[in-house]
Amino acid sequence: MRAVEQPSLPLGRVSADEIARKRTFGEAIGLSADVAGYDLDKQASADIAMDKAQWSRIQNGQEGIKWSKLEKFLDCMGNDIPLLWMLYQRGYDLHSLRKRETETERALREARDQLAQERTERQAIESAMRRMLVGATS
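Keep in mind that this is a model prediction, so the values were computed, not measured.

Student: Explain the overall build of the chain to me, please; I cannot follow it from the model alone.
Tutor: Of regular secondary structure, the chain possesses 7 helices and 0 strands. When the helices and strands of the chain are listed from N to C terminus, the series reads α-α-α-α-α-α-α. Burial analysis of the chain (138 residues in total) assigns 27% to the buried set. For the chain, contacts bridging at least 24 residues in sequence account for 62% of all contacts bridging at least 6. When the accessible surface of the chain is split by element, carbon and sulfur atoms take 51% of a total near 9,800 Å².

Student: Mind showing me how you'd approach helix α4 (residues 52-59) here?
Tutor: Think of an α-helix as 3.6 residues a turn; residues three or four steps apart then line up on the same face. Along α4, the residues that are buried comprise Q54, W55, I58 and Q59. The buried residues of α4 occupy an angular sector of 135 degrees when projected down its axis, which confines them to one face. Looking one or two residues past α4, G61 carries a phi angle of roughly 80 degrees, positive in sign.

Student: Explain the packing of helix α2 (residues 25-35) against α4 here, please?
Tutor: Viewed as axis vectors pointing N to C, α2 and α4 meet at an angle of 120 degrees, and their least axial separation amounts to 7 Å. The orientation of α2 relative to α4 falls into the category oblique. Mapping the contact onto sequence places F25, G26, I29, G30 and A33 in α2 and W55, I58 and Q59 in α4. Partitioning the contact of α2 with α4 into residue classes produces 5 nonpolar, 3 polar and no charged.

Student: Looking at this structure, I do not really get the environment of H95. What am I missing?
Tutor: Within the secondary structure layout, H95 lies in the loop between α6 (81-89) and α7 (103-137). On the basis of relative accessibility, which here comes to 58%, the residue H95 falls in the exposed class. Remark: the alpha-carbon pair of H95 and S15, spanning 80 residues in sequence, is separated by 9.2 Å. Each residue touching H95, except ones within four places of it in the same chain, is listed here: A16 and D17. A polar contact is formed between the side chain of H95 and the side chain of D17, at a distance of 3.2 Å.

Calculation rules
Every chain's residues receive numbers from 1 upward, in the order its sequence appears when written. Two thresholds apply to this predicted model, a pLDDT of at least 70 for residue-level local features and 80 or more for giving and counting side-chain atom pairs, whereas whole-chain, interface and lining totals are computed over all residues. The basis for every side-chain value is the complete set of heavy atoms in the structure, and neither hydrogens nor water enter the calculation. Helix and strand labels come from DSSP, where a helix needs a run of H or I of at least four residues and a strand needs a run of E of at least two; each type is numbered from the N terminus. For every residue, the accessible area obtained with a 1.4 Å probe (protein chains only) is divided by the maximum for its type, and the residue is called buried under 20%, exposed over 50%, and partly exposed between those limits. Whether two residues are in contact is decided by their heavy atoms: any pair within 4.5 Å suffices. To be clear on the numbers: accessible area is Shrake-Rupley with a 1.4 Å probe, and residue cover counts the displayed protein chains and nothing else. Our arc is simply the arc of the directions from the helix axis toward the C-beta atoms. Lines are fitted to the C-alpha atoms to define the axes, a helix being fitted only along its stretch in contact, and any angle between axes, read from their N-to-C directions, falls within 0 to 180 degrees. Here the word oblique covers every angle except those under 35 degrees (roughly parallel), over 145 (roughly antiparallel) and from 65 to 115 (roughly perpendicular). Residues are grouped as follows: Ala, Val, Leu, Ile, Met, Phe, Trp, Tyr, Cys and Pro are nonpolar; Asp, Glu, Lys and Arg are charged; all remaining types, including Gly, are polar. We define a polar contact as two N or O atoms separated by no more than 3.5 Å, with the added condition that, inside protein, one atom must be a possible hydrogen donor and the other a possible acceptor, whereas residues neighbouring each other in sequence contribute only through side-chain atom pairs.

Below, the structure is given as structure tokens:
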């Protein structure tokens with residue numbers, strides 16, 4: 001199985017418009033596998049513990065897929081293309097979607113913001129001190 005990164009809109013490799021052009025969920029599944037570098041259906045289905053016949057039925061729209069299996073597929077592929085396709089079908093604008101922050105991401109963002117503010121304040125104090133020293137030596 002591939003290393004799992006946090007899935008996101010795979011900008012640069014496939015556009016939101018390309019996802020929207022897919023007519024069926026099966027086509028979105030196929031695009032997801034293609035973007036992940038899977039050339040053969042057998043290879044992708046084996047990595048998510050699904051037999052080739054079931055994989056084929058899902059791609060052809062003859063069978064549905066449970067959330068747990070879809071979630072495993074998304075993690076394995078490293079992208080959310082089928083999920084994004086479903087959102088598009090429900091009327092969502094793929095260009096404005098973004099993922100929610102995790103608690104860790106939020107804490108990191110807040111720490112970075114605080115550090116940037118402290119640096120700005122330190123630079124202002126250093127600048128004021130330099131001006132005072134220049135004025136005192138003049």
